[in-house]
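# Breakdown of the fold
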Amino acid sequence: MAVNSIHWFRKGLRLHDNPALLEAVQGADTLRCVYFLDPWFAGASSVGVNRWRFLLQCLEDLDSSLRKLNSRLFVIRGQPANIFPRLFKEWKISRLTFECDSEPFGKERDAAIKKLASEAGVEVIVKTSHTLYNLDKIIELNGGQPPLTYKRFQTLVSNMDPPDPPLEPLSKVLMNGCTTPVFHNHQEKYGVPLLEELGFETEGLCPVVWPGGETEALTRIEKQFGKDSASALQEIFERPKLNFSLLLASPLGLSPYLRFGCLSCRLFYARLTQLYNKVKKNANYDKLLWREFFYTAATNNPRFDKMEGNPICIRIPWDKNPEALAKWAEAKTGFPWIDAIMTQLRQEGWIHHLARHAVACFLTRGDLWISWEEGMKVFEELLLDADWSMNAGSWMCHSCSSFFQQFFHCYCPVGFGRRIDPNGDFIRRYLPVLRDFPAKYIYDPWNAPEAVQLAAKCIVGVDYPKPIVNHAEASRLNIERMRQIYQQLSRYRGLSLLATVPSSHGEDVNVNGLRRLAVPVSGKRRRGKGHGSRRDHRSGEEHAGPSGVKHHSTGFGDAQSRLSRLGNGGSGKRGRESEQESGDDSRLSASGLKVQWHSKETNAVQRDERMTMSS
Amino acid sequence: MKRGRVNITSKCQGFSSTEGRIKRQKPGPLGSSLAQRPAEDWGSLPHHVVLHIFQYLSLVDRARASSVCRRWNEVFHIPDLWRRFEFELNQPATSYLKSTHPDLIQQIIKRHAQHLQYVSFKVDSCTESAEAACNILSQLVNCTIKTLGLISTARPSFMDVSQSHFVSALTVVFVNSKSLSSIKIDDTPVDDPSLKVLVANNSDTLKLLKMSSCPHVSPAGILCVADQCHGLRELALNYHLLSDELLLALSSEKHVHLEHLRIDVVSETPGQTHFHTIKRSSWEALIRHSPKVNIVMYFFLEEEEFEPFFREETPVTHLYFGRAVSKEMLGRIGLNCPRLVELVVCANGLEPLDEELIRIAERCKNLTAIGLGECEVTCSGFVEFVKMCGGRLTQLSIMEEVLIPDNSYNMEQIHSEVSKHLGRMWFPDMMPTW
């Protein structure tokens, strides 16, 4: 009986290092590579035109590479769940292959398709190649829960086997007689659509800065690692000089290609390894591992992109402020540094990670006190490399909602940019209206004397907006709010500005006060016996003096070190009595870690008093 | 409150399902044993036992349980359970958080106002929320409140309430409670006359007063509090209210030892505010009287505004620099802040801070915590600093970018070297490079 395969492209838009695709041709008679696209949905989706353009270019590139193998890409209009059963029948399919998608909704979708396939008697082969590691293994190694600090994650993967080397690209040899039936009406039926067909306005679209596609990705990696690998060496080993050009799209940049899978992360990894071996330096795979870290954190957490109901996200009483949000998203905050970055993002689809820190901090904990979820949605629309896991994870990080970041430090929307680009060339490039401002005032044009504004032909409040917020005042208030939130979550006393939310494995870091939704309750939590179920009944119950501070460390690397840090904070800096009344005090136990249960001895009055104040 | 509630619902599933079983009289292990001994059903649990259980439940769960039977309903209204309450006042247009239900607020005012002792109001950025808080405050006439907290969770919305409305609401509590011990009214339009009312009614009991960023209070207003409230142990205020007289008043013989003094140094008109200095002798008087006092200073100033600070020895223990601070200023800290315990620097210029840190390590023998954001330190300088401080550095939060690799150490080596000196695992803080 003939073996007829479908390879289903989603991410992983490439022929090189594509294990599922190779499985599809293995001993097969026919191969059809499909991509599902719902044109009615496209215009309405949250994804912006630049990302669609990138995607369509990736698909064009895939199609042209497949043509070289006498095959074609089948872009199918509609939803996979509706159309697969028909395709299985029509094409007499016996095998379906695709790359493993680790994200919760992807997993759900794939499970449904697997079910349809098995009902149709179609064999399904799934291979991991969007991530370096099998994420479930990492979680298993960590006792059933994803690691919550990057360091912990690094430690875990350093004990694992290195990732598999990249596989050969699909070639005529590997096709080995496997063919693709293509009919004369292929282009109109299955061709890659144009942006216009998806309902996008293409007039006034900025020129392509990031051309999509595998071919471009491979050219870039070749440029970086080819010949003397000078650019790679510079990229990796030199402390990046903070300057204007750092902020611009680099012709060597790879992140959008990794996002769409035009570039295999394992190929990138292998090239890095070769380079490190050649120059005999310690390997550093941070760029790839951050990505892996967020995928791992998100894979079992369907509410990873939300604050409510997300067990790893701190609940912060963000403001709802649609006008301010719109000004931020549309580059009208009146802070040239922020507006220039947001303009670059909208026009080109990519901004440097320092720029991401700057605008994310500004929107959330730094200035506007708007929920990171809103910022995440804007990035999802505009940012080429925005991936569900990475995007949500980074936003939680930047807004200090998870992953234990320093929260005492807010990027200044004036000073930070000035440090990187004192002359303001970046601003001049993206905000031409400010082009003629002298460097002295280009980061804070509202401070420029009228004569300077007139000379620059730009009056603040007329030609360019006034600043949306008084940064000094807003950051002061926001730091205080963050401090209050963190001091409730941590044991550290003193200023509480250095407090970190404890990350302890086993002891649940249930900062949201919810039972973990996605992760099964691990044995370790149960081991706490009693207190696990009692801990949060009333916040502030731990009441023993400093000597009574007890920690339930389960002894994992950095978790332990954090615990000990936090524990030391309890060694009686201040008298017990004052703590009971102090609003600066951090003894309000609202979550994980510090569970003390002295109910019998607890003087309810004191407990109440403290609780009321420390918030 | 809210967090607590969620926890309880999730963590007490065992309990509530048991309860459900009883109600429905379904046979279960517990139900059947009860059936054999009908005298011991849940409804006849003694009050104090139910009370004890109720103390573990959130308000919502208590309210549900109170509809089970008359006895449980009686316990629901026991004053003990109404000592503390946190009013959450949010508007759907400005906040993601829910509000305390208006019916519940009414019930508390009617039935439990006299039981309230520890009361806080959390309001979102909307003026209406702050006004609603004031309206509740003005109805708390028959109370003996000990702790009052007015907390703006997003913007300082109490500042948008008309001053007369706010002040009259606040004075209702000041006048009626008479035994207030802790008051947290940061970012509010409280003024001198209302502080006078506070002093007139609560001078014997007041222990804690937090009023950072209250622009309508004058140095004389706060001095009146310090003069007469001899039990005051914790105080938070802005620098413009700090005076030599205030420090001396807090150091008078009649006054208890001060434990905590927080000072926010903020310039009203950036770059133009001139800051007064505090005499060394006043600081010394304070430390003589309260040797263990924590003096916490938050700075939100432009670099050039730091001129008047730390020219002489200052007994500050915790320092936070929210904006860029000059190298020179950090140098002065090493010279003149011998009591320093914690130092946080958000940003500094591009020159490495090696010397300044090493001097701080040398002279600030109590330093146990340090955090650096946008600063630069060479790896060697940093290792030297850590070596001098050693294990006493319990908090060391340094962004990875702060450390500049040099000939002696690269980034991997620094992690092990610093860990060695600290006697525990240490890593710099990292942001995702995405």
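Residues numbered from 1 in each chain as written. Chains lettered and ligands numbered in written order. Predicted model: local features only at pLDDT ≥ 70, side-chain atom pairs only at ≥ 80, totals over all residues. Heavy atoms only, no water.

Between two packed helices, the angle of one axis relative to the other and the distance separating the axes together describe the packing. Residue and element names in this part refer to chain A. Packing of helix H16 (residues 336-348) against helix H18 (residues 372-382) leaves a shortest axis separation of 8 Å and a crossing angle of 40 degrees. Our classification of the angle between H16 and H18 gives oblique. Counted together, Met342, Leu345 and Arg346 of H16 and Val378, Phe379, Glu381 and Leu382 of H18 form the full contact between these two elements. Classifying every residue of the contact of H16 with H18 gives five nonpolar, no polar and two charged. (Axes fitted to C-alpha atoms, helices over the stretch in contact; angles between N-to-C directions. Helix = DSSP H or I, 4+ residues; strand = E, 2+ residues; numbered from the N terminus. Parallel < 35°, antiparallel > 145°, perpendicular 65-115°, else oblique. Contact = heavy atoms within 4.5 Å. Nonpolar A, V, L, I, M, F, W, Y, C, P; charged D, E, K, R; others polar.)

Moving on, we come to the packing of aromatic side chains. All names here are of chain A. Applying the stated criterion across every chain, the model contains 52 aromatic pairs over all chains. When the centroid spacing of 4.9 Å and the interplanar angle of 35 degrees are considered together, the rings of Phe54 and Phe260 count as tilted. Of this pair, Phe54 sits in helix H3 (residues 49-68) while Phe260 is found in helix H12 (residues 255-260), placing the two residues 206 residues apart along the sequence. On the basis of relative accessibility, which here comes to 1%, the residue Phe54 falls in the buried class. Its relative accessible area of 6% is what places Phe260 among the buried residues. (Phe/Tyr/Trp six-rings, centres within 6.5 Å; stacked < 30°, edge-to-face > 60°. Buried < 20%, exposed > 50% of the residue type's maximum accessible area, 1.4 Å probe, protein only.)

Here the focus is the sheet that holds strand S10 (residues 342-347) of chain B. All names here are of chain B. Here twelve strands make up an open sheet; going across it, the order is S1-S2-S3-S4-S5-S6-S7-S8-S9-S10-S11-S13 and the pairing parallel. Strands with a single pairing partner mark the edges of an open sheet, and in this sheet they are strand S1 (84-89) and strand S13 (395-398). In this sheet, neighbouring strand axes are inclined to one another by 10 degrees on average, regardless of whether the strands run parallel or antiparallel. Examined bridge by bridge, strand S2 (residues 118-123) and strand S3 (residues 147-152) share six bridges and lie parallel to one another. Residue Val123 lies in a different strand from S3, and its bridge partner there is Ser152. (Pairing = 2+ DSSP bridges.)

For the rest of this paragraph, the subject is the UniProt feature "binding site: FAD" (unreviewed entry) in chain A. Residue and element names in this part refer to chain A. The positions UniProt marks with the feature "binding site: FAD" (unreviewed entry) are Asp385, Ala386 and Asp387. Turning to its location among the elements, Ala386 is positioned in the loop between H18 and helix H19 (388-398). Looking at where Asp387 falls in the secondary structure, it is placed in the loop between H18 and H19. Here Asp387 falls in the buried class, since its relative accessible area comes to 3%. A polar contact of 3.5 Å, which involves the side chain of Asp387, links it to the side chain of Arg259. (UniProt positions renumbered as here; feature names shortened; annotations may be inferred. Polar contact = N/O pair within 3.5 Å; in protein donor to acceptor, adjacent residues only side chain to side chain.)

Here we come to the packing of helix H14 (residues 327-336) of chain B against helix H15 (residues 354-363) of chain B. Residues and elements named next belong to chain B. The N-to-C vectors of H14 and H15 enclose an angle of 15 degrees; their axes lie 8 Å apart at closest approach. For the element pair H14 / H15, the angle class is roughly parallel. At the point where H14 passes H15, the crossing takes the left-handed sense. Together, Lys327, Leu330, Gly331, Ile333, Gly334 and Leu335 of H14 and Glu356, Arg359, Ile360 and Arg363 of H15 make up the contact between the two elements. Of the residues that constitute the contact of H14 with H15, the class distribution is four nonpolar, two polar and four charged. (Left-handed = near helix turned anticlockwise from the far one by under 90°.)

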